[in-house]
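# Coordinate inspection notes
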Amino acid sequence: MFDLLHKKIQLSSFQLIILGFAGVILLGACVLMLPISSQLRQFTPFSEALFTATSAVCVTGLIVQGTGCYWSAFGQGVILSLIQIGGLGVVTIAVSFSLLSGRRISLMQRSTMQEAIAAPKVGGIVRLTGFILRGTFLIELLGALALLPVFCRDHGARGIWMAVFHSVSAFCNAGFDILGTDQNPFPSLTEYAANPAVNIIIMLLILIGGIGFLTWEDIVVNKWRLRRYRMQSKVILLMTVLLMAIPAVFFYTDLTELPTGQRILAACFQAVTPRTAGFNTVNLLSLGGASNAVTMVLMLIGGAPGSTAGGMKVTTVAVLFANAFATFRKREDAQMFGRRIEPGAIRSAATILMLYMSLFFGGAVIISLCEQLPLSLCLYETASAVGTVGLTLGITPELGLVSKIVLILLMYMGRVGSLTLIYAAVSGKHLSPAKLPQEKIAVG
């Protein structure tokens, strides 16, 4: 009995990831509750602090209080810190502290880091971590410097903080902004809808953060020699271009009330931001039903694995399409860029699709029943939450406690990954190698 009580608890990589995110969220919520975190120096209810902390760590952007007008400078700093931790990943931050302190990185830490950033192997993971940290802070610094002239022109000295905040928020695909006022607490970037510099800089930061750390490495090492890229990097870059270009043309046909120049900017921005940044430069309520449906699809797809973006991931969708094409052509194996896709990847992609659709639809049904709202509105919010996007049709701040808890759970599951949660739950359980008899079943 004594030995059992003192036996060390062995946690798997997946369990460390989900517990790390949960711990940071709870710590952030406790700090945001303090009077120093709000402009009015009052205690913030735990439910609102927890929602904000979850949204920040899960780099979502859904909020119940205006970030720019409710939270103090200290509170905004806490939110930005949570965004940075969530964007890079709790494990990446923990490993970086170990590196800075000169401590040796254990095999367990390397394995956990590999799972956190979707690296193909454990070897070279410490070097990759250093590359990620240097690249992240360099890109965020350059983004802040590029935004500085516009924000300083409009907001004076406070523009320095605003440039830093929005650069980090955009790169981490978080969608938080601090442009709100008491009269308009949730403006996002609508006042800069006609500003090419802000639009282009924010879009570039979103895209760079969303293509994934391993794709960065391929670009830095191989530059324009595309044939040397990993198959995964090729798939990510191709899907990124397609998922930006095709929706942009669609949104352009819907935004007919805008002048041509602003219309092009708004269409491109609206194609980029649902995957999965959450900023908006146009009034989302002015978009048609078809545009909202396309936006929801983009929100669910998300960015690349091992990136600051959420969602099902573009590689998941690419694998499912490749498998469908193989079925249409009666091929035994799915193929992409002259490479065969392993069956395990196809099974995982199908499982991820089923899990995300279940969370997306199930959460919307619960919120619709609790709030007596149209299901279409609720589907938009749950797609935004589980895809860790942050776009909203305006109902999130008015939701009741049960509905907010549903969104909190969806944001958390969307960030850590539904498969990660399942693997964490079954870790340590020995699966039987025995196979059951096989029998055919008709599908389709």
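As the structure is a prediction and not an experimental result, all values here were calculated from the model. Note on numbering: residues in each chain are counted from 1, in written sequence order. Local features in this predicted model are restricted to residues whose pLDDT is 70 or higher, and side-chain atom pairs enter the listing and the counts only when it is 80 or higher, whereas totals over whole chains, interfaces and linings include all residues. Hydrogen atoms and water are omitted, and side-chain values are computed over all heavy atoms in the structure.

### Structural notes on the overall build of the protein
We apply this condition: In this text, helices come from DSSP runs of H or I with a minimum length of four residues, and strands from runs of E with a minimum of two, each type numbered from the N-terminal end. Only protein chains enter the accessibility calculation, which uses a 1.4 Å probe; a residue is then buried when its area is under 20% of its type maximum, exposed when over 50%, and partly exposed in between. Any two residues having at least one pair of non-hydrogen atoms within 4.5 Å are treated as being in contact. For the accessible areas, the method is Shrake-Rupley and the probe is 1.4 Å, while residue cover comes only from the protein chains on display.
Assigned secondary structure in the protein consists of 18 helices and two strands. Scored against the burial criterion, the 444 residues of the protein give a buried share of 52%. In the protein, 68% of the contacts between residues at least 6 apart in sequence involve partners at least 24 apart. Of the roughly 21,500 Å² of accessible surface on the protein, a fraction of 66% belongs to carbon and sulfur atoms.

### Details of the pattern of salt bridges
In plain terms, the rule: A side-chain nitrogen of Lys or Arg and a carboxyl oxygen of Asp or Glu constitute a salt bridge if their distance falls within 4 Å.
Here the structure, examined in full by the defined rule, presents three salt bridges. The partner of Arg-153 in a salt bridge is Asp-154, and the shortest N-O contact between them spans 2.9 Å. Given the relative accessible area of 57%, Arg-153 is considered exposed. Accessibility expressed as a relative area gives 34% for Asp-154, which makes it partly exposed. Several salt bridges share partner residues, and in doing so they unite Glu-217, Asp-218 and Arg-230 into one network.

### Overview of the nonpolar core
For soluble globular proteins, the rule of thumb is that nonpolar side chains tend to be buried together. Applied cut-off: We define the nonpolar core as a collection of buried residues of types Ala, Val, Leu, Ile, Met, Phe, Trp, Tyr and Cys that are connected through side-chain atoms lying within 4.5 Å of one another.
By size, the foremost hydrophobic cluster in this structure holds 118 residues, and its most contacted members are Leu-32, Ile-79, Leu-82, Ile-83, Phe-176, Ile-202 and Phe-279. Of the residues forming this core, the biggest block, nine residues, is contributed by helix H7 (residues 125-155).

### Observations regarding the layout of surface pockets
Condition: Lining residues are those with an atom within 4 Å of a point, where the points come from a 1 Å grid over the protein atoms alone and group into cavities, where a 1.4 Å probe fits but cannot get out, or pockets, open sets with protein on both sides within 12 Å along at least five of seven lines. Grid points are joined across faces, edges and corners, and a volume is the space filled by probe spheres set on the points. Charged residues are taken to be Asp, Glu, Lys and Arg, nonpolar residues to be Ala, Val, Leu, Ile, Met, Phe, Trp, Tyr, Cys and Pro, and polar residues to be all remaining types, Gly included.
Volume-wise, the second largest pocket comes out at about 420 Å³. Every residue lining the second largest pocket is counted, 22 residues in all, and those nearest its centre are Phe-186, Pro-187, Ser-188, Asn-280 and Thr-392. The residue inventory of the lining of the second largest pocket, partitioned by class, reads ten nonpolar, eleven polar and one charged.

### Looking at a nonpolar patch on the surface
Here is the rule we go by: Candidate patch residues must exceed 30% relative accessible area and have no salt bridge, after which like charges are joined if within 9 Å and Val, Leu, Ile, Met, Phe, Trp or Tyr side chains if within 5 Å.
The grouping of Leu-34, Ile-36, Phe-43 and Phe-74 at the surface amounts to a nonpolar patch, some 400 Å² of accessible area in total. Looking at the element boundaries, Phe-74 is found in helix H4 (residues 73-88).

### A word on the packing of H7 against helix H10 (residues 213-222)
The relative placement of two packed helices comes down to the angle between their axes together with the axis-to-axis distance. The condition is simple: Angles shown run from 0 to 180 degrees and are taken between the N-to-C directions of axes, each axis being a line fitted to C-alpha atoms and, for helices, limited to the stretch in contact. By the definition adopted for this analysis, an angle is roughly parallel if under 35 degrees, roughly antiparallel if over 145, roughly perpendicular if from 65 to 115, and oblique otherwise.
Running from amino to carboxyl end, H7 crosses H10 at an angle of 85°, the nearest separation of the two axes being 10 Å. Here H7 lies roughly perpendicular to H10, going by the angle between them. Of the residues in H10, those touching H7 at Arg-127, Leu-128, Phe-131, Ile-132, Gly-135, Thr-136 and Ile-139 are Phe-213, Leu-214, Trp-216, Glu-217 and Val-220. Among the residues forming the contact of H7 with H10, the class breakdown is eight nonpolar, two polar and two charged.

### Quick look at the packing of aromatic side chains
Convention followed: Centres within 6.5 Å are what make two rings of Phe, Tyr or Trp a pair, Trp counting through its six-membered ring; a difference in plane orientation under 30 degrees is then read as stacked, over 60 as edge-to-face, and the rest as tilted. Whether a charge lies above a ring is judged from NZ of Lys or CZ of Arg, which has to be within 6 Å of the ring centre and within 35 degrees of the ring normal.
Tallied over the full model, the rule gives nine aromatic pairs. Between Phe-325 and Phe-328 the ring centres are 6.3 Å apart and the planes differ by 65°, which places this aromatic pair in the edge-to-face class. Pair noted here: Phe-325 and Phe-328 are both in helix H14 (residues 314-328), with a separation of three residues, about one helical turn. Overall, Phe-328 belongs to the exposed group, its relative accessible area being 64%. In this structure an aromatic cluster arises from ring pairing among Phe-131, Phe-171, Phe-213 and Trp-216. For Arg-263, the ring lying beneath its charged end belongs to Tyr-252, and the centroid distance is 3.9 Å.

### Notes on H7
What counts, and what does not: Here the expected length of a helix is defined as 1.5 Å per residue gap, with one fewer gap than residues. At any given residue, the bend is defined as the angle formed between two axes, one fitted to the seven residues that end at that position and one fitted to the seven that begin there.
The end-to-end C-alpha separation of H7 is 42 Å, in line with the 45 Å expected for 31 residues at 1.5 Å each. When the local axis directions of H7 are compared, the greatest deviation, roughly 45°, occurs at Leu-148, which is followed within four positions by the proline Pro-149. At the C-terminal side of H7, Gly-156 shows a positive phi close to 70°.

### Let's talk about the confidence of the model for the protein
Stated formally: A residue's pLDDT is the predictor's confidence in that residue, given on a scale from 0 to 100.
On average, residues of the protein carry a pLDDT of 86, and 86% of them reach 70 or more. Ignoring residues within four places in sequence, the model shows residues 1-8, a span with pLDDT below 50, making zero contacts including any to other chains.

### Points about the environment of Ile-178
Tracing the chain through its elements places Ile-178 in the loop between helix H8 (158-171) and helix H9 (196-210). On the basis of relative accessible area, Ile-178 is assigned to the buried category, the value being 1%. In the structure, Ile-178 is positioned 108 residues away from Tyr-70 in sequence and 9.6 Å away in space, judged by C-alpha atoms.

### A word on the environment of Val-386
Mapped onto the elements, Val-386 comes out in helix H16 (residues 375-386). You can call Val-386 buried: its relative accessible area is 0%. Distance from Val-386 to Gly-363, taken between C-alpha atoms, is 9.3 Å for residues 23 residues apart in sequence. For Val-386, the contacting residues outside a window of four places in its chain are Leu-300, Gly-311, Tyr-356, Leu-359, Phe-360, Leu-410 and Gly-414.

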